[in-house]
Structure formats: structure tokens, C-alpha cells
Amino acid sequence: MLHSMSTTVEPSSERSADEVNEEIRALWRRSGGTLSVEQREEYQRLVLEWAAAAPQSAPAA
């Protein structure tokens, strides 16, 4: 049986954008301003989760 993979970004949980943003800030604080390869991968995952959780706004007219 074949399964198709989704190409959409799915948050790993139902966290708010504010909660994910706080985790991003904590990651930067722990890193001292320079991310390792592993931390960079975590940062990228968090940014995608944040973008999926952030409210979408309409473009300005």
C-alpha cells in the first residue's frame, strides 16, 4: 500500500505562535548568539511551526 506524503507544514503540536516564539528566543539565549548545526535545524523547525501557528493577516489596501 502506498502512502502520499504531505508537503504542507504541520505544527508538531497545537501551540500558539507566542509559545513557539518564546521557545525560539530561549534557543537563542542558550546558544549565546551562535547556533550549532543541530540548533540551526531546531531553529528552522521552530520557525516553520511558528509560521503555521501565526495568525494570517490580509494585505494592506
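Look above for the structure.
Remember, predicted model here, so these are calculated numbers, not experimental data.

Calculation notes
- Residues numbered from 1 in each chain as written.
- Predicted model: local features only at pLDDT ≥ 70, side-chain atom pairs only at ≥ 80, totals over all residues.
- Heavy atoms only, no water.
- Axes fitted to C-alpha atoms, helices over the stretch in contact; angles between N-to-C directions.
- Helix = DSSP H or I, 4+ residues; strand = E, 2+ residues; numbered from the N terminus.
- Parallel < 35°, antiparallel > 145°, perpendicular 65-115°, else oblique.
- Left-handed = near helix turned anticlockwise from the far one by under 90°.
- Contact = heavy atoms within 4.5 Å.
- Phe/Tyr/Trp six-rings, centres within 6.5 Å; stacked < 30°, edge-to-face > 60°.
- Expected span 1.5 Å × (residues − 1).
- Buried < 20%, exposed > 50% of the residue type's maximum accessible area, 1.4 Å probe, protein only.

J.: How should the packing of helix α1 (residues 17–31) against helix α2 (residues 37–53) be read in this particular structure?
T.: Packed helices, taken two at a time, are described by the angle between their axes plus the distance between the axes. As a packed pair, α1 and α2 sit with axes 8 Å apart at the nearest point and diverge in direction by 160°. The angle between α1 and α2 falls in the class roughly antiparallel. Viewed along their axes, α1 and α2 form a crossing whose handedness is left-handed. The segment α1 lies against α2, with Ala17, Val20, Asn21, Glu23, Ile24, Leu27, Trp28 and Ser31 engaging Gln39, Glu42, Tyr43, Arg45, Leu46, Val47, Glu49, Trp50 and Ala53.

J.: What's the story with the packing of aromatic side chains in this structure? I'm lost.
T.: Note on aromatic pairs: each is described by the distance of the centres and the angle between the planes. In this structure the tally under the stated criterion is one aromatic pair. Ring centres of Trp28 and Tyr43 lie 5.6 Å apart, and the angle between their planes is 75°; this geometry places the pair in the edge-to-face category. On the criterion of sequence distance, the pair formed by Trp28 in helix α1 and Tyr43 in helix α2 is long-range, its members being 15 residues apart.

J.: I keep staring at α1 and nothing clicks. Help me out?
T.: A turn of α-helix holds 3.6 residues, and therefore any two residues three or four places apart point the same way. The terminal C-alpha atoms of α1, which comprises 15 residues, lie 21 Å apart, in line with the 21 Å expected from a rise of 1.5 Å per residue. Buried within α1 we find Ala17, Val20, Ile24, Ala26, Leu27 and Ser31. In this fold, the buried residues of α1 make contact with α2.

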